[in-house]
Amino acid sequence: TMTPLWQHDGHISKDAGKHYLCHSFGVPEGVKQLSFSMSFHKNGSTQLYPSLFSPDGYRGTRMKPGAMGEVMLELRLSEHHASPGALRGEITPGSWQIQLDVQWIDEDMPYSIKVETSDVEVSGKTFQPSTHNGRDGAGYYKGELHAHTFHSDGSSSVSETITAARKYGLDYFSLTDHFTSAGWEELESLAGENLAVIKGIELTGHWGHGNLQGLSSWVDTFIDDGKRTINDVIDETHAQGGLFSVNHAFSLNLGWRYHDLDWGKVDLFEIYHHLTGSNNMAQLGLWDALLQRGLKTVGVGAIDSHDPHSGQHRLGQVCTHVYADALKPDAIIRGLKTGNAYVSFEPELSFTASSHHDTAKMGEDVAIDGNVHLQIRLENLTRPAHLLVMKNGLHYTSVPVPAGQPFELELTDTKPGKGYYRLELYATPREGSFEAVREWDKTLLLSNPIFTL
């Protein structure tokens, strides 16, 4: 039986704009279980995301961005149990805080909050880390860097999502639920020798989204109160040995608009996002602009899965292949950092460049000493394609690639200069429309660059 502790009825004006709205309540000694609920009626596009903080720190976030009509958002937690989005742990007495993240408001919004407690704890399932989170052995490994479960706005449990990751042949998987680390314990319990799992969070700010990859503890991503900036979040991610990625930069209201971002701090950039369609071409353009500035921002791909078995959200359709010295979380993060990686729907790639006695792989530098020679090998092509070799963001040359057999190409640039080469592979268009080859829906592979000095 739950005992009422605190209740509040509030109202947010449709003219309020994006902001945080905070409420505090006290929790007495002896509470074993706490229940939070927030209800409101939604007719438009309003997005309200409540988060809960104890005196010890963050305890969870709940979101249902697609819900309409009567919306109920709940968090329940105790020392050994937590509902989706919440973190289990002791119910510390003292002042707790509710933070309402008003991401979007387009209607006058009455809301009601209720907090209840109990001196009896409900038992829950606990998870122990797997004895294996990957395995030894160097090579290219493919995986997903952007996915959600029912701990944020996904439809499936962590277990169901990991089952799908195995079914669709992933070697590694990063869980990046919005705001919360609630799925991490179960995630680590489901790792194995052939599937390395990575702890991540998607920063879901008012002016853009970004993934924090390879974390060891939760990072505060609530940066829209003027106290901290996006650059502070990146620094905190790096302090944990993690990487920061800018996500779906041109997805309109969910696109990137933090103009104070220090792009020199950004490790990864989603050059292919499976849900944004033709916006990927804009992302390639921005990526080239970053590379031309001398930044070594690593290009990655993402499903951004919210339903691991269904439609565009199904895992395994496009993967980021990364060369790592082991199939282990830390090794995958190190491999991504070096940039020896490519985005692919199915083909496999080997790409090197050499000049005199110097040879480089993707993400590396080759010192120019005469001509620059490019060595390219493609395997596992199931359809005819066109390979575009890009030099400093512009088309250098293109060649047809047949299906069904390994393809090798050597090119020599007799007029090299400081810059970079990278590759794009597209399915062959209909006869007579070659000029339209560089279209997002024909994408088969995007390589990271090799730099020339």
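Let us look at the structure shown here. (Residues numbered from 1 in each chain as written. Predicted model: local features only at pLDDT ≥ 70, side-chain atom pairs only at ≥ 80, totals over all residues. Heavy atoms only, no water.)

## Focus on the nonpolar core
Here is step 1 of the chain: Counting 36 residues, the largest nonpolar core has Ile230, Phe244, Val246, Trp256, Leu261 and Trp263 as its most contacted members.
Here is step 2 of the chain: Only β11 (196–205), α3 (230–239), β13 (243–246), β14 (268–273), α4 (279–292), β22 (385–391) and β25 (419–427) provide two or more residues apiece to this core.
Here is step 3 of the chain: Sort the elements by how many residues they give to this core and α4 lands first, with four residues.
Here is step 4 of the chain: Ignoring anything within four residues of it in the chain, the contact list for Val246 reads His209, Gly210, Trp256, Leu261, Trp263, Val266, Leu268, Phe269 and Glu270.
Here is step 5 of the chain: Within the second largest apolar cluster, 27 residues are counted, among which are Tyr342, Leu378, Leu444 and Leu445. (Core = buried A, V, L, I, M, F, W, Y, C linked by side-chain atoms within 4.5 Å. Buried < 20%, exposed > 50% of the residue type's maximum accessible area, 1.4 Å probe, protein only. Helix = DSSP H or I, 4+ residues; strand = E, 2+ residues; numbered from the N terminus. Contact = heavy atoms within 4.5 Å.)

## Here we look at the sheet that holds strand β7 (residues 94–104)
Here is step 1 of the chain: Strand order in the open sheet formed by four strands is β2-β7-β4-β5, with antiparallel pairing between adjacent strands. The sheet is open, and its two edges are formed by β2 (19–27) and β5 (57–61), each paired on a single side. Mean inter-strand twist for the sheet, computed between neighbouring axes without regard to direction, equals 25°. (Pairing = 2+ DSSP bridges. Axes fitted to C-alpha atoms, helices over the stretch in contact; angles between N-to-C directions.)

## A word on the sheet that holds strand β24 (residues 407–413)
Sheet strands line up and pair through hydrogen bonds in the backbone, either parallel or antiparallel.
Here is step 1 of the chain: Pairing within the open sheet is antiparallel, and its four strands lie in the order β19-β18-β21-β24. Strands at the two margins of the open sheet, each flanked by one partner only, are β19 (358–361) and β24. Looking at each pair of strands side by side, their axes are set apart by 15° on average, direction ignored.
Here is step 2 of the chain: Where strand β18 (residues 348–355) lies against β19, four bridges are found, and the strand directions are antiparallel. Bridge assignment links Thr352 to a residue of β19, and that residue is Lys361.

## Some thoughts on the pairing of strand β15 (residues 298–302)
Here is step 1 of the chain: β15 sits mainly inside the fold: five of its five residues count as buried.
Here is step 2 of the chain: Here β15 shows two buried faces, one formed by Val298, Val300 and Ala302 and the other by Gly299 and Gly301.
Here is step 3 of the chain: Assessed by its sense of winding, the connection that carries the chain from β14 through α4 to β15 is right-handed. (Right-handed = clockwise from strand over helix to strand, strands pointing away.)

## As for the packing of aromatic side chains
Here is step 1 of the chain: Using the criterion set out here, one finds 17 aromatic pairs in the structure.
Here is step 2 of the chain: When the centroid spacing of 5.6 Å and the interplanar angle of 70° are considered together, the rings of Phe53 and Tyr58 count as edge-to-face.
Here is step 3 of the chain: Geometrically, the ring pair formed by Trp263 and Phe269 is edge-to-face, given 6.1 Å between the ring centres and 70° between the ring planes.
Here is step 4 of the chain: The exposure class of Trp263 is buried, given its relative accessible area of 15%.
Here is step 5 of the chain: Taken together, Tyr20, Tyr49, Phe53, Tyr58, Phe179, Trp218 and Phe222 form an aromatic cluster joined through their ring pairs.
Here is step 6 of the chain: For the cation-ring pair, Lys18 lies above Trp207, with the distance from its terminal atom to the ring centre recorded as 5.2 Å.
Here is step 7 of the chain: Over the ring of Phe451 we find Lys296; its NZ or CZ atom is 4.8 Å from the centre of that ring. (Phe/Tyr/Trp six-rings, centres within 6.5 Å; stacked < 30°, edge-to-face > 60°. Lys NZ or Arg CZ within 6 Å of the ring centre and 35° of its normal.)

## Focus: the pattern of salt bridges
Here is step 1 of the chain: The tally for this structure, following the rule as stated, stands at 18 salt bridges.
Here is step 2 of the chain: In this structure, Glu185 engages Arg88 in a salt bridge whose closest nitrogen and oxygen atoms are separated by 3.0 Å. Placement of the pair is Glu185 in helix α2 (residues 184–189) and Arg88 in the loop between β6 (69–78) and β7, with a sequence separation of 97 residues.
Here is step 3 of the chain: Here Glu185 falls in the partly exposed class, since its relative accessible area comes to 36%.
Here is step 4 of the chain: Across the pair Glu364 and Lys361 runs a salt bridge whose closest N-O atoms are separated by 3.4 Å.
Here is step 5 of the chain: Among the residues examined, Lys361 registers a relative accessible area of 37% and is labelled partly exposed.
Here is step 6 of the chain: A network of salt bridges, in which partner residues are shared, links Asp288, Arg422, Glu424 and Arg438. (Salt bridge = Lys/Arg side-chain N within 4 Å of Asp/Glu carboxyl O.)

## Notes on helix α5 (residues 329–338)
Here is step 1 of the chain: Every buried residue of α5 is accounted for by Pro329, Ala331, Ile332, Ile333, Gly335 and Leu336.
Here is step 2 of the chain: Directly after α5, the chain includes Gly339, whose backbone phi takes a positive value near 90°.

So, to be careful, I would describe these as geometric facts and stop short of saying anything about function.
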